[in-house]
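# Tertiary structure, described
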Amino acid sequence: MGEIDESFIQSIEHRPKSISVEAEGIPVIDLSALNSQDLVVQVGDACKNWGFFQVINHWVPSSCREKVDLASRAFFRQPSEEKRKVRRDEANPMGFYDTEHTKNVRDWKQVFDFTVENPTVVPASHEPDDPELQEIVNQWPEYPPNFREACEEYAREIEKLAYKLLELISLSLGLPAEKFNGFFKNQTSFMRLNSYPICPIPHLALGVGRHKDSGALTVLAQDDVGGLEVKRKSDGEWVQVRPTPNAYIINVGDVIQVWSNDKYESVEHRVTVNSERERFSIPFFFNPSHNVMVEPLKELTTKQNPARYKPYNWGKFHTTRNISNFKKLNVENIQIYHFRI
């Protein structure tokens with residue numbers, strides 16, 4: 001990734017520890033008994049107590065995951081000048097990028113992003129009074145030749161899984177299974193291919209700095225290298241999530257935290273880097289339509305438990321958050337707590 005500069009260096013309090021603590025107790029949920037009440041209870045408990053869980057027997061074909069994994073590795077191992085032919089920018093935030101920032105510190109990673117709906121409609125700017133919309137169109141590299149096919153096929157399979165999980169979460173909140181589905185009619189969901197190159201300063205840098213996911217759900221595939229760390233709710237300790245073969249890691253995002261009126265909480269997480277092996281992962285960010293107003297659901301609020309958030313527009317919120325991907329800000333990026341009542 002070129003010469004190391006200070007933009008990668010985390011402040012002392014956010015640097016990874018030399019010895020990582022392995023997470024114990026993160027639920028592993030078997031989805032083969034889909035629609036059973038016990039499964040609904042398991043998902044609800046996992047969302048409430050952890051905000052993270054793993055799923056197995058999820059029906060995503062292993063061949064589909066293997067294809068996109070091979071295509072991702074082939075793409076990232078090309079020379080930089082080839083990858084930059086599909087480089088993203090503020091006009092089109094889909095494609096390759098290698099200078100992303102989290103919490104205003106540069107991440108030790110390279111990414112390739114593509115939307116599930118192509119094109120995807122989003123606000124043209126983050127300005128609240130600007131009604132203009134724009135279409136985001138995916139850009140695809142020439143190499144590897146099966147790259148687009150592998151990515152699109154995988155995205156559709158993960159999308160099916162995301163809807164199943166969303167319905168289980170809805171049931172766990174005492175709501176109808178399809179309560180949330182309408183919010184995703186013209187979804188702004190996207191898939192990200194992550195490459196974390198070998199890092200000579202793993203004690204100073206992070207693959208992704210501490211953050212919470214702003215959307216509804218994240219469905220993550222990670223390889224056997226590992227590096228995902230979750231901030232444990234019980235004591236605030238950073239704990240590493242050991243990779244489980246052929247499992248997916250699911251985490252609740254900020255949108256579900258608001259919809260549930262804080263019953264389920266989005267959890268802070270980060271990614272450490274490795275001095276010996278490169279790491280690959282593929283998160284799917286399940287996001288609602290740009291015109292959705294995110295607010296606590298009326299069914300989950302009462303006089304005794306009133307709404308804890310003011311409504312906010314998802315498209316404007318997401319567009320504002322994206323600004324920090326392209327430049328370092330002098331202030332903290334927008335967060336859901338800015339809308340807390």
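Residues numbered from 1 in each chain as written. Predicted model: local features only at pLDDT ≥ 70, side-chain atom pairs only at ≥ 80, totals over all residues. Heavy atoms only, no water.

- As recorded by an unreviewed UniProt entry, the protein chain carries the name 2-oxoglutarate (2OG) and Fe(II)-dependent oxygenase superfamily protein and is attributed to Abeliophyllum distichum.
- Listed in UniProt under the heading Sequence similarities (unreviewed entry), the comment for the protein chain reads: "Belongs to the iron/ascorbate-dependent oxidoreductase family." (UniProt positions renumbered as here; feature names shortened; annotations may be inferred.)

## Topic: the packing of aromatic side chains
- Overall, the coordinates contain 23 aromatic pairs when judged by the stated rule.
- Geometrically, the ring pair formed by Phe184 and Phe286 is stacked, given 4.2 Å between the ring centres and 20 degrees between the ring planes. On the criterion of sequence distance, the pair formed by Phe184 in the loop between helix 4 (147-172) and strand 10 (190-196) and Phe286 in strand 17 (residues 279-286) is long-range, its members being 102 residues apart.
- Phe184 sits in the buried class, given a relative accessible area of 1%.
- Counting every residue linked through ring pairs, the aromatic cluster contains Phe75, Phe76, Phe96, Phe112, Phe114, Trp140, Phe147 and Phe280.
- Residue placement shows Arg270 over the ring face of Trp238; its charged tip is 4.4 Å from the ring centre. (Phe/Tyr/Trp six-rings, centres within 6.5 Å; stacked < 30°, edge-to-face > 60°. Helix = DSSP H or I, 4+ residues; strand = E, 2+ residues; numbered from the N terminus. Buried < 20%, exposed > 50% of the residue type's maximum accessible area, 1.4 Å probe, protein only. Lys NZ or Arg CZ within 6 Å of the ring centre and 35° of its normal.)

## Some words on the sheet that holds strand 14 (residues 238-240)
- Taken in spatial order, the five strands line up as 1-14-13-16-11 in an open sheet, and their pairing is mixed. Strands with a single pairing partner mark the edges of an open sheet, and in this sheet they are strand 1 (21-22) and strand 11 (208-211).
- Judged from the three bridges that link them, strand 13 (residues 228-231) and strand 14 form a sheet pairing that is antiparallel. Pairing of Glu229 across the sheet is with Gln240, part of strand 14. (Pairing = 2+ DSSP bridges.)

## Quick word on the nonpolar core
- Phe112 and Tyr248 are the most contacted members of the largest nonpolar core, which has 66 residues in total.
- Non-local contacts of Phe112, meaning those with residues more than four positions away in its chain, are made with Phe75, Phe76, Val86, Gly95, Phe96, Gln139, Trp140, Pro141, Phe147, Met191, Arg192 and Leu193.
- Ranked by size, the runner-up nonpolar core spans 14 residues in total, among them Val208, Val239, Ile249 and Val271. (Core = buried A, V, L, I, M, F, W, Y, C linked by side-chain atoms within 4.5 Å. Contact = heavy atoms within 4.5 Å.)

## Observations concerning the side chain of Asn251
- If you trace the backbone, Asn251 turns up in strand 15 (residues 248-252).
- A distance of 3.2 Å separates a polar atom in the side chain of Asn251 from a polar atom in the side chain of Asp213.
- Apart from the residues lying within four places of it in its own chain, the contact partners of Asn251 are Gly51, Phe52, Asp213, Ala216, Leu217, Thr218 and His269. (Polar contact = N/O pair within 3.5 Å; in protein donor to acceptor, adjacent residues only side chain to side chain.)

## Notes on the pattern of salt bridges
- All chains considered together, the criterion is met by 29 salt bridges.
- For Arg106, the salt bridge goes to Asp5, with nearest N and O atoms at 3.8 Å. One end of the pair, Arg106, is in strand 6 (residues 105-106); the other, Asp5, is in the segment before strand 1, and 101 residues separate them in sequence.
- Residue Asp5 is classed as partly exposed on the basis of its relative accessible area of 33%.
- Among the ionic pairs, Lys231 bridges to Glu268, the shortest N-O distance being 3.5 Å. Taken together, the residues span a long stretch of sequence, with Lys231 in strand 13 and Glu268 in the loop between helix 5 (254-259) and strand 16 (269-271) at a distance of 37 residues.
- Glu268 sits in the buried class, given a relative accessible area of 17%.
- Linked by salt bridges that have partners in common, Arg88, Glu100, Asp107, Lys109, Asp113 and Arg192 make up one network. (Salt bridge = Lys/Arg side-chain N within 4 Å of Asp/Glu carboxyl O.)

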